[in-house]
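Chain residues, written in single-letter form:
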Number of protein chains: 4
Amino acid sequence: MLRFDSDYMETAHPRILQKLTEINFDKNTSYGFDVYTESAKDKIRKECNCPDALVYFLIGGTQTNKVAIDALIEGYEAVICASTGHIATHETGAIESCGHKVITLEGENGKLMPETLEGYMQSFYADKNHEHSAQPGLVYISFPTEYGTIYSRAELESLRKICDSYSLRLYVDGARLGYGLMSPVCDITLPELARLADGFYIGGTKVGAMLGEALVIPNPDSVKKLFVQIKRHGALLAKGWVAGVQFDTLFTDGLYFEISKNAIDNAMYLRDELKNLGYEMFLDSPTNQQFVVVDDEKLDLIKDKVGYGFWHKLDGRTVIRFATSWATEKSQVDELIDLLG
Amino acid sequence: MLRFDSDYMETAHPRILQKLTEINFDKNTSYGFDVYTESAKDKIRKECNCPDALVYFLIGGTQTNKVAIDALIEGYEAVICASTGHIATHETGAIESCGHKVITLEGENGKLMPETLEGYMQSFYADKNHEHSAQPGLVYISFPTEYGTIYSRAELESLRKICDSYSLRLYVDGARLGYGLMSPVCDITLPELARLADGFYIGGTKVGAMLGEALVIPNPDSVKKLFVQIKRHGALLAKGWVAGVQFDTLFTDGLYFEISKNAIDNAMYLRDELKNLGYEMFLDSPTNQQFVVVDDEKLDLIKDKVGYGFWHKLDGRTVIRFATSWATEKSQVDELIDLLG
Amino acid sequence: MLRFDSDYMETAHPRILQKLTEINFDKNTSYGFDVYTESAKDKIRKECNCPDALVYFLIGGTQTNKVAIDALIEGYEAVICASTGHIATHETGAIESCGHKVITLEGENGKLMPETLEGYMQSFYADKNHEHSAQPGLVYISFPTEYGTIYSRAELESLRKICDSYSLRLYVDGARLGYGLMSPVCDITLPELARLADGFYIGGTKVGAMLGEALVIPNPDSVKKLFVQIKRHGALLAKGWVAGVQFDTLFTDGLYFEISKNAIDNAMYLRDELKNLGYEMFLDSPTNQQFVVVDDEKLDLIKDKVGYGFWHKLDGRTVIRFATSWATEKSQVDELIDLLG
Amino acid sequence: MLRFDSDYMETAHPRILQKLTEINFDKNTSYGFDVYTESAKDKIRKECNCPDALVYFLIGGTQTNKVAIDALIEGYEAVICASTGHIATHETGAIESCGHKVITLEGENGKLMPETLEGYMQSFYADKNHEHSAQPGLVYISFPTEYGTIYSRAELESLRKICDSYSLRLYVDGARLGYGLMSPVCDITLPELARLADGFYIGGTKVGAMLGEALVIPNPDSVKKLFVQIKRHGALLAKGWVAGVQFDTLFTDGLYFEISKNAIDNAMYLRDELKNLGYEMFLDSPTNQQFVVVDDEKLDLIKDKVGYGFWHKLDGRTVIRFATSWATEKSQVDELIDLLG
């Protein structure tokens, strides 16, 4: 059976398991003070062009979002995101479990548009009773979004400007960051992202790591005692090097970007071929998640032969998602195209 | 200056201050174990026809909502309400501060309609990944709503039925409960409300009390150690009798209902007269809050002569709110009508 | 029956109820923006010699402690107090409910001694793994303590100095503050307390108010958006003037201090007479709570004739507490002395 | 340099990395619904003789303690543990971050003795104001304790009995569970532990796994929606099989117990030899952590040649800890003995 269900079905890039195997019986210092973690942090700081950035390795997007957001805002502050934002929909209220309201605004194909944010903030402060409402403290965006779309540099600059004018922090969920940065339409770089955001994470779980995400706080003054806060959230790894080795490997010789590009190349190829075959794409995604509209007949035909993500019904047809990953091979995409042909 | 800004501008029904003055130097048992509190609880249980109900006196709507909701649901459960619900808009994220997500659904003139709730719950469970989303545990409605509207008995029965089929609890914010029950179009009684809801409160702050709300949990098995939970929320009164005396007074000889009716009579009179004068009502409110559409010229004329609540702009005009209360006198309404005539 | 159970059995100083009755039908601005609240805040700022202090009126010690401590520290910070501290023993874990650990140190007759605090902080930082432990952020003391004892100015200066050297905030629970300040052995004043503490409250519930405590934050920069935080804790009064009138009355013509002194005079008289009668005092309390050791025979004799607080057993005898209050009359103390004679 | 600092310095048992490498490019179902996780759960249920047990794989002791305790008790309930309990000392207030007070009682060499617990609970309920105190809901013990000691079956039975009589749940932190069960003095088995506890975890991080702990809830009715709660705590692994493979391997052919025994054999050998050399043991530990008292001269001699844990000063000498692990080789212990000889 072909599997395009998601981008986290394989275990890890082989170099990672190889390295872990090599050092298996070495005796490492705990809690992230080992040499691999230090090296990985340095490499990430360099890639981000942020020599002072705080970098910590956590496991899982929900955990990382929770720790980062809780550290970046005051206890009484709220988070703003698009109504499709992962923290608003599929994290079981984890942000609220830390006491923070999540305020959702209507997005466009997964993106929170600058004008929507500006409009909300204007009306918020226009209300003379706004001290009776939850106080916005941070804007959460995902890059790429849950719909595979990405923000342009101009949009990010606009969001940043609005955040500055209303004292909001800007946080970027980068579960699939590599797939965004390697998109052919992407016009920003990692250092630019690091300049624009108060915090973001470089997703590993979906991009070649076994498990792990690299939380980056470009300006260390943005948070207090992050080590303590990570531990308090139950997110500190005793064996920090297990994550450190992974990110050290991924950020050696551009591996992270190289394998991200593989997913994108395969996704773009898939998209083009599906269009050639006459398929309607639900939206125009320039990253590794492709949303296709299929009719019932076709769905019946493929459903036992290929794994995909069910999205929703649309005019009697169905929107399904195919996700490529760092591990996808072109031959698998060809098989999928054949099947759908 | 005439004041129709809100229904909590006067202090208390005179009988309350009189009684407190009478017993001022009596020595009372603390923490709500005094005779006045016991008597008030009994009277409320009788009015609600719930001999086993838990009744506690708290101060303020936000506090009462927070304590009650937190006690009625599991730590990981979420609350559903209309997008205009007070807990969603004007309680600074107090529910989220206890860890509970507030899920908002589109309402109609402040009401959460049964079909909207049913639709949401159906689609929630249709999603096979629903265990990745916040778990609805309770439906919050206000009676009357923030727009002065009230639910019919049929609507409440439907909401209850939906709650039963999805294991949701039903909670009613009764900040202005008296004004709802005394509305000419109201077709439910206090015992019926107590039968339908898992918890509700009888608002005192806006209905004749100096300060205080009576939280009623009809079935004591719905919550655990409520006394402890109230204390933990910082809501337990050392001098419980100060609230007890108030509710004992309000529930003696039907005072609560009698003074509620005064607000309604004056509001209905005001509404009819405004309609006669050709004013457009923003919506049809059968309770003590009346929302009127006024043009700029008129607004200029009255703005220094009468206190009102600003609601929002509408097609170049303004929606303002006039609220009557238990203490409103007909002569004041007549003055207002003269002013607007 | 004589009642010396506690200092919160009577309702309020008569001038308070009189004033509330006078203004009963006035229409007041809500949420603490009324003239009485403003006046009360000004008077308190003057008494404290803190022209910029934030002053808010809340109801109840647990609520006030919770709001103040949560506002003064970071989400991940912990509180240090004596093991007899009210927040550690009789507030049902309300501080922990906001996420803050309460670290208890051994006290002396209810007091947290400077050397104990210093020792703890030294050993905390001597542990190289201290980032794995809860981070102390605030020292909580009560003045007077739960045992009626008070800190000397020298002790408070020492605590302040230690707090400064370890970046700890100092918070004073003043549930019975008046009784502390009026003690014959007290050597500090309200302005001195305001200079030494980052936050404290002037208790009203036990000192002449119907209900209410005045939270004072001498330096407004110590907290952020306190109004919002109060509301989020469910502690904002819609009818703020009900508290405002009380504190305005208590801080007019020195009433708060005058009635506090009444409790102290009666307590000192009681203490001296009990000593003359040969009673052993459990500890030397210079305030309104007196702890007496009585044998079983005596206890049998009085238990149906006088209300007292049970403390604990001691060598087969019993330690009981008699509390005088602002409302205690000398004749009542005389009756108690007769009974015990 | 010899390293006896801790038992989590090596990465993983080789069979684990081997298996992960083998299946590296297989496409697995996410969120723990893969075949390895299912198999591991089954094996653990069998080892525990609990066919209905809930088994989930989490990462790290703090995370597992937090999730389990928060799931086993009501929001307002508190936890009781020995004052040396890990949750009380080295988890940065993680339990309190979920709103639960941690009540510490004096232990004996790390153990909470049944009579201490019974005494506390008796005095708790003897206090007629106990509803003003935090409500004990769960007893936390560690097995082995932070001092390497273990409870006898009789002690565990007594704790269970006390828990039953006061409606307390019993939770066991098994970070080093294998090392406890393989101790020569241990008189309980895994099924017995599962019968006695409401929840416990089988530590992997310190016992052969790369990272991972198996949370076991013997009776599934003890908790509600554990999957949701795990996710909400940020503890759900998208790639659940990474943990599943590890525990499936550890619970195949008794590997977990076999490698645990290796640590114990080496620790017992070390202990006996140290005693022969005339060293004083700080306490009698029958597990893999050995606490030795050394004088300054000796400490100077070894400090650059061997890694150890610093415990505390004792009469001018120093208590240090040597920890063996699943990966310790006898030759390494011999080297250590030589060094100390």
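Look up a bit, the structure's there.
A short note on the relation of the copies chain B and chain C
Its rotation angle being 180°, the transformation that places chain B on chain C also includes 0.0 Å of axial translation and leaves an RMSD of 0.0 Å. This pairing of chains is accounted for by a two-fold axis. Of the C-alpha atoms belonging to chain B, the one lying closest to the rotation axis is found on Leu17 of chain B, 3.6 Å away. Looking at the interface residues of chain B, 100% of them are also at the interface in chain C, so both copies use one shared face.

Describing helix α12 (residues 255-276) of chain D
For an α-helix, 3.6 residues make a turn, and residues three or four places apart therefore share a direction. The first and last C-alpha atoms of α12 of chain D sit 32 Å apart over 22 residues, in line with the 32 Å expected at 1.5 Å per residue. Backbone geometry just downstream of α12 of chain D places Gly278 of chain D in the positive-phi region, at approximately 95°.

Some remarks on the relation of the copies chain B and chain D
Rotating chain B by 180° and translating it 0.0 Å along the rotation axis places it on chain D, where the RMSD comes to 0.0 Å. Same-surface contact between copies: 100% of interface residues of chain B are shared with the interface of chain D.

Observations concerning the interface of chain B and chain D
With 17 residues of chain B at the interface, the matching set in chain D holds 17 residues. In total, chain B and chain D occlude about 1800 Å² of area from one another, counting both sides; carbon and sulfur atoms represent 54% of this. The tally of links between chain B and chain D comes to 2 salt bridges. Residue Glu74 of chain D pairs with Lys224 of chain B through a salt bridge whose shortest N-O separation is 2.7 Å. Counting across the chain B and chain D interface gives 10 residue pairs in polar contact (both at pLDDT 80 or more). A per-class count over the side of chain B that touches chain D returns 6 nonpolar, 5 polar and 6 charged.

As for the interface of chain B and chain C
Contacts between the two partners involve 47 residues from chain B and, on the opposite side, 47 residues from chain C. Around 4200 Å² of area is buried between chain B and chain C when both sides are counted, 56% of it from carbon and sulfur atoms. On the chain B side of the contact with chain C, Lys27, Arg232 and Lys239 of chain B bury the most area, a combined 17% of that side's loss. Where chain B touches chain C, the interface holds 2 salt bridges. For the salt bridge of Glu10 of chain C with Lys27 of chain B, the shortest nitrogen-to-oxygen distance reads 2.4 Å. Applying the counting rule to chain B against chain C returns 30 residue pairs in polar contact (both at pLDDT 80 or more). For the side of chain B that touches chain C, the secondary structure elements donating two or more residues are α1 (14-22), α3 (61-72), α9 (226-232) and α10 (241-250) of chain B.

Looking at the sheet that holds strand β6 (residues 169-173) of chain B
Backbone-to-backbone hydrogen bonds join strands into a sheet, with any given pair of strands oriented parallel or antiparallel. Residue and element names in this part refer to chain B. Strands sit in the order β2-β8-β7-β6-β5-β3-β4 across an open sheet of 7 strands; the sheet is mixed. If you trace the sheet from one side to the other, it starts and ends with β2 (54-58) and β4 (102-105), each paired once. Going from strand to strand, the sheet's axes swing by 25° on average, the running direction of each strand aside. The pairing of strand β3 (residues 77-82) with strand β5 (residues 135-142) spans 5 bridges and is parallel. Opposite Val79, over in β5, you have Leu138 as the bridge partner. Seen against the sheet, helix α2 (residues 35-48) touches β2, β7 (199-203) and β8 (213-217) and runs at an angle of roughly 125° to β2.

Focus: the pattern of salt bridges
Under the definition given, this model contains 84 salt bridges over all chains. For the salt bridge of Glu96 of chain A with Lys101 of chain B, the shortest nitrogen-to-oxygen distance reads 2.7 Å. Here Lys101 of chain B lies in the loop between α4 (86-89) and β4 and Glu96 of chain A lies in helix α5 (residues 94-97), a pairing that spans two chains. For the pair Glu96 of chain A and Lys101 of chain B, a shared accessibility class is recorded, and that class is buried.

Analysis parameters
Residues numbered from 1 in each chain as written. Chains lettered and ligands numbered in written order. Predicted model: local features only at pLDDT ≥ 70, side-chain atom pairs only at ≥ 80, totals over all residues. Heavy atoms only, no water. Least-squares fit on C-alpha atoms with pLDDT ≥ 70 in both. Contact = heavy atoms within 4.5 Å. Helix = DSSP H or I, 4+ residues; strand = E, 2+ residues; numbered from the N terminus. Expected span 1.5 Å × (residues − 1). Buried area = accessible area lost by both parts, 1.4 Å probe. Salt bridge = Lys/Arg side-chain N within 4 Å of Asp/Glu carboxyl O. Polar contact = N/O pair within 3.5 Å; in protein donor to acceptor, adjacent residues only side chain to side chain. Nonpolar A, V, L, I, M, F, W, Y, C, P; charged D, E, K, R; others polar. Pairing = 2+ DSSP bridges. Axes fitted to C-alpha atoms, helices over the stretch in contact; angles between N-to-C directions. Buried < 20%, exposed > 50% of the residue type's maximum accessible area, 1.4 Å probe, protein only.

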